[in-house]
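Structural overview for review
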Amino acid sequence: MNVASSRSCGECTLCCKVMAIETLTKPAGSWCTHCRSGQGCLIHAERPAECRAYSCLWLVDDRLGPHWKPSKSRLVLTTSEDGIEIRCDPGFPEAWRKEPYRSQIRQWAASGETHDVTVLIVIGERMILVTEEQEFDLGIVRPDQRIVRELEGTRCVGATLVEASELE
Ligand code: SF4
Ligand code: SF4
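Residues numbered from 1 in each chain as written. Chains lettered and ligands numbered in written order. Predicted model: local features only at pLDDT ≥ 70, side-chain atom pairs only at ≥ 80, totals over all residues. Heavy atoms only, no water.

A look at the overall build of the chain
A tally of regular secondary structure across the chain gives 5 helices and 9 strands. Reading the helices (α) and strands (β) of the chain from amino to carboxyl end gives α-β-β-α-α-α-β-β-α-β-β-β-β-β. Summarising its shape, the C-alpha atoms of the chain cover approximately 50 × 35 × 30 Å along the three principal directions. In the chain, buried positions account for 39% of the 168 residues. When contacts within the chain are restricted to residue pairs at least 6 apart in sequence, those whose partners lie at least 24 apart make up 42%. In the form shown here, the chain has an accessible surface area of approximately 9,700 Å², with 51% of it arising from carbon and sulfur atoms. Each charge class in the chain was averaged separately, 20 positive and 25 negative side chains, and the resulting centres sit 9 Å apart. (Helix = DSSP H or I, 4+ residues; strand = E, 2+ residues; numbered from the N terminus. Buried < 20%, exposed > 50% of the residue type's maximum accessible area, 1.4 Å probe, protein only. Contact = heavy atoms within 4.5 Å. Areas by Shrake-Rupley, 256 points an atom, 1.4 Å probe, with all protein chains shown as cover. Lys, Arg positive; Asp, Glu negative; His and termini not counted. Charge placed at Lys NZ, Arg CZ, Asp CG, Glu CD.)

Here it is, written out as structure tokens:
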């Protein structure tokens, strides 16, 4: 998505919890030690390049309504090479199942299937691949693992994990 936006993070800091920050060896799903409620990043001027470069989709795309703001929805949306990743606050692991989020996620999954775009729910290290009709709960997915979909035409009928080295 590439729509210019005048939005700002405001009180939201959720990406500082849900995203992994390699430079800080901060795992996905736990608060960064530099983040303070109500104050934001305590090392703002010296924050890692990964943090500087990051904007969630809500921040940059006005097509996502105010209800998608991560501090409200508990969901942080980003794009990946394969499609859309929806990172759920681990403190609210069912947030993505609530309406109107669930219906919108299903719609993205339905239109994604015909364009080879995947919709992935990420809760800490756990991942769930969502299609129009099904959910494939993959459990904990390690960084050195990849998701391989089984397709019938454009329809995804299965998903498994393989070692990344097996695909090289
Ligand atoms: S999740 Fe989005 S809106 Fe919230 S702090 Fe991060 S970039 Fe800003
Ligand atoms: S360094 Fe700052 S911006 Fe980066 S994750 Fe930690 S609190 Fe957030």
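So much for the structure itself; the text now carries on.
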